[in-house]
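Read off the chains here:
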Amino acid sequence: MPNSQFSQNKLVNNIEMKDNMSENVSGVKPVVTTPVAKKDCCDKPEGCGNCMKGGMPLRKESLSFITLFMVGLTTLLAVLLINEKRSQVNNPTAMTQPETVVAMEYKMPASKVITTVVELPEPKIDGNLSLEETIQNRRSRRVYSDEPVTMAELSQILWSAQGETDEAGHRAAPSAKGAYPFSLYVVVRNVDGLDNGLYLYNPTNHTLGNLGMANAPERIVEAGVQDNSVTAPVVITLAASPAKMLEKFPDADPMPNVYMEGGHIGQNIYLQAESLEMGTVVTGGFDKMAVAKVLGLDVENEMIVYLVPFGHIGEAPEAEAAH
Ligand SMILES: Cc1cc2nc3c(=O)[nH]c(=O)nc-3n(C[C@H](O)[C@H](O)[C@H](O)COP(=O)(O)O)c2cc1C
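This is a predicted model, so every value here is computed, not measured.

### Notes on the overall build of the protein chain
Within the protein chain, the regular secondary structure consists of eleven helices and seven strands. Counting the 323 residues in the protein chain, one finds 30% classified as buried. Counting only contacts in the protein chain whose residues sit at least 6 apart along the sequence, the fraction spanning at least 24 positions is 72%.

See below:
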C-alpha cells in the first residue's frame, strides 16, 4: 500500500526490530529517535491505518465510509425537519385537526328514568363569612364526621355548583357560550330526610330526581373510589356531555372547555363548603369509567371529570392535616 501512513508504520517497525536485535547482541539498548510516534492502539506488525481513541484499530477506508454515512444521515434529518416546519407554517391548524375528528363522534347522552322528584329548600344568597375570608380559609378536607348533612346544606352546595341564578337561565358557574355540558349525579349516603341512593340535580327548578339506585353509595365503593368518597355523607359526581359543548363549537375539540368548566364548578363547591364551615375536596384520581358504569351513566357520551365528597369536617389525623 503506497501511502505515507503505511510507510511510516513500516519504518517504525523496522527500527523496533533492529532495536531488539541490537539489545540481544550487545545487551546495551541504543538510543533511537523515532521519526513518527507509534499509535497506542496498533499492535499489528503490518500496521493498521488510523486508530480510534480507545484502541480500536480502523482502516482509513472504514473511517471514510462512516464519515460519509454520518454526513448523509445528518443532511437527510435536516431536510426532513425543514419540510415539517414548512408544512406547519403553511397550515397552522394541522396539529389540532386529528383531535377535532375524534371529538365529532360524541352523541347526546341517553336520558335517565326518574322515579320521584324531591324539592330542595330555597338556597340562601348571604352567609357568615366574607368572600375574602372564604378564599383565605379554603382547604381540601378529606375527613368527614358522622353528622348527617341537612337538606338546606345539600341545597346550598348544589346551587353553588350549577344552580340557576337569573331568569335567563345563567348558572352559578360560567360556561363557554352557555353550553352547560355538566350533569350532577348526587350519591346520598347520610342526608337528613332523604333516602340513600342516586339523584340527578335539575338546575332549572332546583330539584333532585331520584334515579332509583338505593345502593349507589356501596356501588361506588366497589368501583374503587378514594377513602374520602367512601366515608362522605354526600358524593357529587360531575359528569360532562362533550356533545353539548360541540353543539356550541362544532369545529373545536370540546374537552378543553369541558375541563375548564369542571374546574369552575369545583371551585364554587369548595368556596360554598368553606362558607358553611363544612369540608370537601375535588378528586380526579380514580377509575372514572368504572364509577360511570356502576352508576349506570351513558359511558360512551357522558364522562366523569370529578368526584366531590362533601360533609361536616371530621377529626383529621396529623398526616391528613399536613397533606
Ligand atoms: C385537578 C385536581 C385533581 C385533584 N385530585 C385529587 C384527588 O384525586 N384526591 C385528593 O385527595 N385530592 C385531589 N385534589 C386536591 C389537591 O390535592 C389539593 O388541591 C392540593 O393538595 C392543595 O391543597 P388545598 O386544596 O388544600 O389548597 C385535586 C385537585 C385538583 C385541582
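So, next bit.
### A closer look at the pairing of strand β2 (residues 182-188)
In terms of residue burial, β2 counts as a mostly covered element, since seven of its seven residues are buried. Residues F182, L184, V186 and V188 line one face of β2 and the alternating positions S183, Y185 and V187 line the opposite face, and both faces are buried. Relative to strand β3 (residues 197-202), β2 runs antiparallel, the two being bridged by four bridges. Looking at the pairing, Y185 lines up with L200 of β3.

### Observations concerning the environment of L276
Following the sequence through the fold, L276 ends up in the loop between α9 (255-275) and β6 (279-280). Separated by 36 residues in the primary sequence, L276 and H312 have C-alpha atoms spaced 9.1 Å apart. Not counting residues within four places of it along the chain, the set of residues in contact with L276 comprises E153 and Q156.

### Looking at the site of the ligand
R139, S140, R142, Q226, V281, V282, T283, G284 and G285 make up every residue found near the ligand. Each residue belonging to the shell around the ligand can be placed in one class, and the counts come to two nonpolar, five polar and two charged.

### A word on the nonpolar core
Counting residues in hydrophobic clusters, the biggest one holds 56 residues, and the most contacted among them are L184, V186, V234, I236 and L238. The biggest single contributor to this core is strand β7 (residues 303-311), with seven residues. Residues within four places of V186 in sequence aside, it is in contact with Y199, Y201, L208, V234 and I236.

### Looking at the confidence of the model for the protein chain
A residue-level look at the protein chain finds 72% of positions with pLDDT of 70 or above and a mean pLDDT of 83. Considering only residues more than four positions removed or in separate chains, one finds that residues 1-34, a stretch of pLDDT under 50, has 17 contacts. Counting contacts from residues 92-98, a segment whose pLDDT is below 50, to residues more than four positions away or on other chains yields three contacts.

Criteria and thresholds
- Residues numbered from 1 in each chain as written.
- Predicted model: local features only at pLDDT ≥ 70, side-chain atom pairs only at ≥ 80, totals over all residues.
- Helix = DSSP H or I, 4+ residues; strand = E, 2+ residues; numbered from the N terminus.
- Buried ≥ 20, exposed ≤ 12 C-beta atoms within 10 Å, placed from the backbone.
- Contact = placed C-beta atoms within 7 Å.
- Pairing = 2+ DSSP bridges.
- Near = placed C-beta within 6 Å.
- Nonpolar A, V, L, I, M, F, W, Y, C, P; charged D, E, K, R; others polar.
- Core = buried A, V, L, I, M, F, W, Y, C linked by C-beta atoms within 7 Å.
- pLDDT = per-residue confidence, 0-100.

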